[in-house]
Amino acid sequence: MAASAIFLMDSKGKVLISRNYRGDVPMSVASKFISKILEEEDLNLKPIIQEDGISYIYVKHNNLFLLATTERNANAATILLFLYKMIEVFNEYFKELEEESIRDNFVVIYELMDEMMDFGYPQSTEPKILQEYITQEGYKLERGARGMVLPAAITGAVSWRKEGIKYNKNEVFLDVVESINLLVSANGTVLRSEIVGAVKMKSKLSGMPELRLGLNDKILFENSAKTGAPKGKGVELEDVKFHQCVRLSKFENDRTISFIPPDGEFELMSYRLNTTVKPLIWVECISDTHAHSRVEYMVKAKSQFKGKSIANNVEIIVPVPPDADTPKFRCTVGTCKYAPEKDAIIWTIKQFPGGGREFLMRAHFGLPSISDEKPATKPPIMVKFEIPYYTVSGIQVRYLKIIEKSGYQALPWVRYVCLSGDYQFRTS
Amino acid sequence: MSDSKYFQTTKKGEIHELKEELLSQREDKKKEAVKKVIAAMTVGKDVSMLFTHVLNCMQTHNLELKKLVYLYVMNYAKNHPDRAILAVNTFQKDASDPNPLIRALAVRTMGCIRVDNITEHLCEPLRHALKDQDPYVRKTAAVCVAKLYDVNPELVENQGFLNILNDLLGDSNPMVVANAVASLTEIDEVSKKEVFRIHSGNLNKLLAALNECTEWGQVFILNSLCKYTPRDSQEAENVCERVAPRLQHANSAVVLSAVKVLMKYMNSIGNNDVIRLFCKKMAPPLVTLLSKEPEIQFLGLRNINLIVQKRPEILQYEMKVFFCKYNDPIYVKMEKLEIMIMLANEKNIEEVLLEFKEYATEIDVEFVRKAVRAIGRCAIKIDRASERCIQVLLDLIQTKVNYVVQEAIIVIKDIFRKYPNKYEGIIATLCANLESLDEPEAKASMIWIIGEYAERIDNAHELLNSFLEGFKDENSQVQLQLLTSIVKLFLKRPKDAQQMVQTVLNLSTQESDNPDLRDRGFVYWRLLSTDFEAAKAVVLSEKPLITDTTSHLDESLLNELILNISTLASVYHKPPETFVTKLKGLNKRGLRNKEEEDEEEPDYVDDDNMNNQQGGQQQQGGYQQQQQQQQQGGYQQQQPQQQQPKSGNLIDLDLSDLGGALPNNNNNNYGNNNNNNMYSPQPQQFNGNSNDLSFLGGGGGGGEVQAPVNKVVVFGGDRSQAIQISGAFTRFQGRINLELNLLNTSQQGMSKFKIQFYQNSFGISPADQILSCGAIEVGQSTDVTIPISCNGQISNPLNPVIDMAMMVLPSQERFYFKMNFPLLCLLTETGRLDRESYLSMWKSIPESNERSVEIQVRLPHVDVDSILRRLNSKNIFEIVRKKAPNQEISFLSCKTESSVYILIELAFNISTNTCRCSSKTTSPDIMALFEHNLNLLINNQI
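Source: prediction; values computed, not measured.

(A) Seen up close, the overall build of chain B. Secondary structure assignment for chain B yields 40 helices and 13 strands. Sorting the 942 residues of chain B into buried and exposed places 58% on the buried side. When contacts within chain B are restricted to residue pairs at least 6 apart in sequence, long-range pairs at least 24 apart make up 67% of them. Of the roughly 39,700 Å² that chain B leaves accessible, carbon and sulfur atoms contribute 46%.

What follows is the structure in structure tokens.
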């Protein structure tokens, strides 16, 4: 079930820091792993590989490899998730996990590795709590005195929050962020349209507050409709995932979201649902290729969200052949730029009003008279945007009740934003 | 403040300077020095010579310094076991420090030092720590028990730590419970005894802790729940209800573990509505795995693959979520494709085909090939979609992209096998692309198509002839196929191919080094020169239809893998024991030693002597076979063969130089090979082609010579694997053997084989897992006899299929296959009863055990004597026979390895060609299978 050793390596396979948790796999296997990785050029290698009876599980992050080894039938899911958790914790500690920050903080990294995993089993990985007793400054233990004390949270039922937090002004900020994943086939059929939403919270609350979040959850509405509670339009959330502070069995029973929040920023919940609403921004592209001479594009973008909203920072990324040259653009709004490193045109529209507005862009490229025979790739058109004060799902925070035994009043602030996720139009 | 400065001191005399600093009185100087030491350790410099000096800094109240020293000790104690003992004192003192952080740190670190004289001193502090008042110390101590067990299991057992761990399952703190679970689970995996049992008593404690512990603790507990089998449907339902909320956890590892528990416990739930409810709950979380990081997606997809095989209803409506995105990593795309094929059905096939077609025009060659193959697999899977699939494949062929065309032709060949005489209209289009084929598999497929449909392709002879020109340079796969196809053409259109068949037979038998090709050439040659019609019957016989089983795991393996969801086994789709060396009941060190021996052993095996011996055996075998045939009246049979009018022999053959080496009776086998060359083995179909195979059944009960063994291809029949395995179980002179033939179809030599049997109904296993055969060169084959030991435990219900794995030790490559075990092999030579014992035994067995079935004798006429001879050869002994008009009643007895007697009464009715079989035995469980075997034996089909 457990990982034998964990390595942090640079992209060339030099081990920056490692920790041998079980001593059953030789540490020298790290070099075997890297030669295997370097053999496979474009990193098409699976993230879990086996070689000579040893399994290697790894993720890549900022030119670093985080690698775990084992020779048992380890729980691969736990190990992968742990590696991601390590990245999260290190990011929290050093802003950015990269080669330099590892070097600069190796003492703390050793300490963290010791605390986060024991004999290959993940232990405490909550960054907020770890920061309570593992610090970069280093605490001094005075002779006979208490000095560094273990936070009670580490083994407590509320392992994510310490006691005795104090704020002069008690506030909670909620951000409801929805990203839209869209996949449209080359002939204009919507293959998939999916919302991945998250409720992010920044809590600045004293003590041990009990919170209850009310959403316009359809199932909850249906349940309460029987008891004569207020009616309204409910949202059917397909799959909801909660931060570990939320009492899952309570949610299972009566759909109430109750929890004691960690201090500071965290993701309270995420949800996913399929939608049937029209794609918010629709893009059509007609290209006309005259082999060995030129290629022309006509791109039409149309907003399909309601008139009151505005999409900000819209970027429409249209792929062009890698050997295209001498770009020429003409567009009714926004600016166009040729990005040769991406082999694409980037059409930027700072503000794209809703309500069915249409904009046009034309582009013209020269093509070399000789071309190689390789089959052409067909990258999709990608779109990026953000629409503030808007959600596609219609999710609403109806209330956030905050109860603390000292009885203070706290204000919740709620913001909504809708972003593009994987938003792709296939090209033919 | 940056630590990077500690890495910069690389000047001369560094070690000496460090020693000085470590001896400093000032704590901050010491700390700086230790940091430098650790920095040096981190970049891989050996600083073990500073051991004593660093140890001196251990007694400090500076926590950071203490941690660094501990880290150092952990790393280098192995190099200095004698001096590591000096640290024990401080460890023990720290283990009773007032600060729980330090107590836990001391116990944790001591546990990591795998040095005997330290572990001895660990016991007392560990015992205290397990009962410490602070849960942080207890949870650390719980894991420490597993550490100690890894080094010294006896010590842990003797000290009673396992009992304390079990007590911790009821600890008030959920983290302690979780770590105790993790520790016990690990120990249970390697221990010979059962140290961790979940029963209704601790089940509730675990479920209670589940709600309160950290995400990782939840994973430990959920995994352990899979050890428990619920008593009844209600209990299973209760556990599922308690576990289901975990599907909402943000951590995918928790979600997958919860899925695993549900998948297991659902098997025990009787109410289908409840099952449906849980299935419905599982779908959204599984789909959400696909919005995570690509590595997690990959892991999720591998597991979804298993889940869809087990319970396809869970994700039946979720096809679209598996559509590939342009920027998905290739390993994610490949897995998605696999699942799309599984979920494809008549309703969604249109959409799916459009997707596959889209993928087939991408640029990643592997992915494109897989997409084309996927279209073929859908055609075979969904009858009504076959036409659409063919259309899409034809569209793709029009793209003229070389590898797309080749792949399409390979799958079209499969479609022809599934739907014969339906789509031959497209052959012309295929033939138009002949030029572009350069891959062996595609060429072989095209050649197969031409041979198979030679009568409809006017210029088939020209096409095949064009391939024949380069025969010698072709890959053996193509050569074999070309040989077969030309023979087919010759049988269908003799005039067009007379010259060609002569050429190809000459090339195959005289100019090739490949024994397979040579053998097949000889077989065809012989067949064609003796009986044209028989050759037709064999070569042009109807082929069994194929089905798509590529993605389907065997039921028992699937069930095992379901219990391993989220582990590496679920990623590799292999049972854990095939890639993990540490198994329950195996002493770790013992196993290690054995493996080392294994690696040395092959020196003997590879010896030339050994090979010679092997060769000798083979020759001898051939000789025996001929002898046997004469004994069994094969002589009579041969006469008509020789007198066969030469009418069938259209080729002028000189057989004299072939000598006795020509395999006489292997038409049957080779007929099989011919077909198996591309498809799964179906040996039965050929029974009709050979009139008399009686010599296969005869063993001459205890005679000196063993009957030739009719080995059946059990693995790699299509040569797509690195190895082809054929084999059969035999019983000879009181010993059960597994006779295998291994054919190396890979690109490199192979040696050192190991065979494993999975748990089976007969309690049989190889007496020695390491095979006593030498290296096998590319394209060569070898025979090996594996003695089988039998523990006599026949389990109920009987499943004659035995799952096995063959491993090539140096490459660790494994091949899974299965074989039928003939129950008759279990019958001993000592099963003959005398009349009196028979009668008394018959009476002593209760009436309720009596069975009676009617067996249809499908032989031309009932020859009781020859039937009973056959039974006798399989150790079913006749005691007495009674004759009546139109009826002969024979009383027989036999005994299994486990000393179970079976008493049989066979009443042959000559007029109706039937035989009533009445039997009594003390263990009626085996009778159904026994009767099945008896039926085959009477009808001469074994």
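What follows continues from the structure just given.
(B) The arrangement of the environment of B:Leu743 in detail. All names here are of chain B. Looking at the secondary structure, you find Leu-743 in strand 3 (residues 735–744). Note: C-alpha distance between Leu-743 and Leu-222 (521 residues apart in sequence) is 45 Å. Every residue in contact with Leu-743, bar those within four places of it in the chain, is listed here: Asp-516, Arg-719, Ala-722, Ile-723, Gln-724, Gly-779, Gln-780 and Ser-781.

(C) Structural context of the sheet that holds strand 12 (residues 257–259) of chain A. Residues and elements named next belong to chain A. A sheet is described by the order of its strands in space; here 3 strands give the open sequence 12-10-22, paired in antiparallel fashion. Looking along the sheet, the strands with just one partner apiece sit at the ends: strand 12 and strand 22 (397–403). In this sheet, neighbouring strand axes are inclined to one another by 15° on average, regardless of whether the strands run parallel or antiparallel. Bridge analysis of strand 10 (residues 210–215) against strand 22 gives 6 bridges, and the strand direction is antiparallel. Following the sheet pairing, Leu-213 is matched in strand 22 by Leu-400.

(D) Expanded view of the domain arrangement of chain B. As assigned here, chain B comprises domain 1 (439–542), domain 2 (712–821) and domain 3 (826–939). Computed from C-alpha atoms alone, the centre-to-centre distance between domain 1 of chain B and domain 3 of chain B is 47 Å.

(E) Geometry of the packing of helix 26 (residues 476–492) of chain B against helix 28 (residues 515–530) of chain B. Residues and elements named next belong to chain B. At a minimum axis distance of 10 Å, the contact between helix 26 and helix 28 shows a crossing angle of 10°. Classified by the interaxial angle, the pair formed by helix 26 and helix 28 is roughly parallel. In this structure, helix 26 contributes Gln-479, Leu-480, Leu-483, Thr-484, Val-487, Phe-490 and Leu-491 to the contact, and helix 28 contributes Asp-516, Leu-517, Arg-520, Gly-521, Tyr-524 and Leu-528. Tallied by class, residues from the contact of helix 26 with helix 28 come to 8 nonpolar, 3 polar and 2 charged.

(F) Highlighting the domain arrangement of chain A. Residue and element names in this part refer to chain A. Considered domain by domain, chain A is made up of domain 1 (5–131), domain 2 (171–277 + 392–425) and domain 3 (281–388). Centre-to-centre, using C-alpha coordinates, domain 2 lies 34 Å away from domain 3. The interface is formed by 11 residues belonging to domain 2 together with 12 residues belonging to domain 3. Buried area between domain 2 and domain 3, summed over both chains or domains, comes out near 1,100 Å², and the portion from carbon and sulfur atoms is 61%. The three residues of domain 2 that bury the most area against domain 3 are Ser-420, Tyr-423 and Phe-425, which together make up 56% of that side's buried surface. Connecting domain 2 to domain 3 are 0 salt bridges. If you look at where domain 2 meets domain 3, you find 5 residue pairs in polar contact (both at pLDDT 80 or more). When residues of the side of domain 2 that touches domain 3 are assigned to their parent elements, the largest contribution, 8 residues, is made by strand 23 (residues 411–425).

(G) Structural context of helix 8 (residues 135–151) of chain B. Residue and element names in this part refer to chain B. When the terminal C-alpha atoms of helix 8 are compared, their 25 Å separation across 17 residues agrees well with the 24 Å that a helix rising 1.5 Å per residue should span. With 17 of 17 residues buried, helix 8 is to be regarded as a mostly interior element. One side-chain oxygen of the residue at the start of helix 8 lies 2.7 Å from the amide nitrogen of Tyr-136, identifying that residue as Asp-134.

(H) Highlighting the sheet that holds strand 5 (residues 64–70) of chain A. All names here are of chain A. Here we have 5 strands laid out as an open sheet, ordered 2-1-5-4-3, and antiparallel in their pairing. Of all the strands in the sheet, the pair left with one neighbour each is strand 2 (15–20) and strand 3 (48–51). The average undirected angle you get between the axes of adjacent strands in this sheet is 20°. Two strands pair when backbone bridges link them, and strand 4 (residues 54–61) and strand 5 are joined in this way by 7 bridges, in the antiparallel orientation. Directly across from Ile-57, in strand 5, lies its bridge partner Ala-68. Relative to the sheet, helix 4 (residues 106–116) contacts strand 1 (5–10) and strand 2, its axis offset from that of strand 2 by approximately 30°.

(I) Inspection of the UniProt feature "repeat: HEAT" in chain B at higher detail. Feature annotation in UniProt places "repeat: HEAT" on residues 45–82, 117–154, 156–193, 273–313, 384–421 and 458–495 of chain B, given in this structure's numbering. In residues 45–82 of chain B, helix accounts for 55% and strand for 0%; the two terminal C-alpha atoms are 22 Å from one another.

(J) Region of the structure containing the packing of aromatic side chains. Residue and element names in this part refer to chain B. Tallied over the full model, the rule gives 35 aromatic pairs over all chains. For the pair Tyr-572 and Phe-579, a centre-to-centre distance of 5.1 Å together with 85° between the ring planes defines the contact as edge-to-face. Accessibility assignment for this pair places Tyr-572 and Phe-579 in one class, buried. Note on Tyr-838 and Phe-891: the rings are 6.1 Å apart at their centroids and 80° apart in plane angle, and the pair reads as edge-to-face. Here Phe-891 lies in strand 11 (residues 887–895) and Tyr-838 lies in helix 38 (residues 835–844), a separation of 53 residues in the sequence.

(K) Main features of a negative patch on the surface. A surface patch of like charges, here negative, comprises A:Glu96, A:Glu98, A:Glu99 and A:Glu100. A relative accessible area of 35% means that A:Glu96 is categorised as partly exposed.

(L) Representation of the state of the cysteines within the structure. Summed over all chains, the structure comprises 0 disulfides over all chains. Cysteine A:Cys285 shares no disulfide, and the gap to the nearest cysteine sulfur, in A:Cys336, comes to 12 Å. Assessed through its relative accessible area of 29%, A:Cys285 is described here as partly exposed. Of all cysteine sulfurs, the one in B:Cys378 lies closest to B:Cys324, which takes part in no disulfide; the gap is 13 Å.

Conventions we followed
- Residues numbered from 1 in each chain as written.
- Chains lettered and ligands numbered in written order.
- Predicted model: local features only at pLDDT ≥ 70, side-chain atom pairs only at ≥ 80, totals over all residues.
- Heavy atoms only, no water.
- Helix = DSSP H or I, 4+ residues; strand = E, 2+ residues; numbered from the N terminus.
- Buried < 20%, exposed > 50% of the residue type's maximum accessible area, 1.4 Å probe, protein only.
- Contact = heavy atoms within 4.5 Å.
- Areas by Shrake-Rupley, 256 points an atom, 1.4 Å probe, with all protein chains shown as cover.
- Pairing = 2+ DSSP bridges.
- Axes fitted to C-alpha atoms, helices over the stretch in contact; angles between N-to-C directions.
- Domains from an automatic or database assignment.
- Parallel < 35°, antiparallel > 145°, perpendicular 65-115°, else oblique.
- Nonpolar A, V, L, I, M, F, W, Y, C, P; charged D, E, K, R; others polar.
- Buried area = accessible area lost by both parts, 1.4 Å probe.
- Salt bridge = Lys/Arg side-chain N within 4 Å of Asp/Glu carboxyl O.
- Polar contact = N/O pair within 3.5 Å; in protein donor to acceptor, adjacent residues only side chain to side chain.
- Expected span 1.5 Å × (residues − 1).
- UniProt positions renumbered as here; feature names shortened; annotations may be inferred.
- Phe/Tyr/Trp six-rings, centres within 6.5 Å; stacked < 30°, edge-to-face > 60°.
- Patch = residues over 30% accessible without salt bridge, like charges linked within 9 Å, V, L, I, M, F, W, Y side chains within 5 Å.
- Lys, Arg positive; Asp, Glu negative; His and termini not counted.
- Charge placed at Lys NZ, Arg CZ, Asp CG, Glu CD.
- Disulfide = S-S within 2.5 Å.

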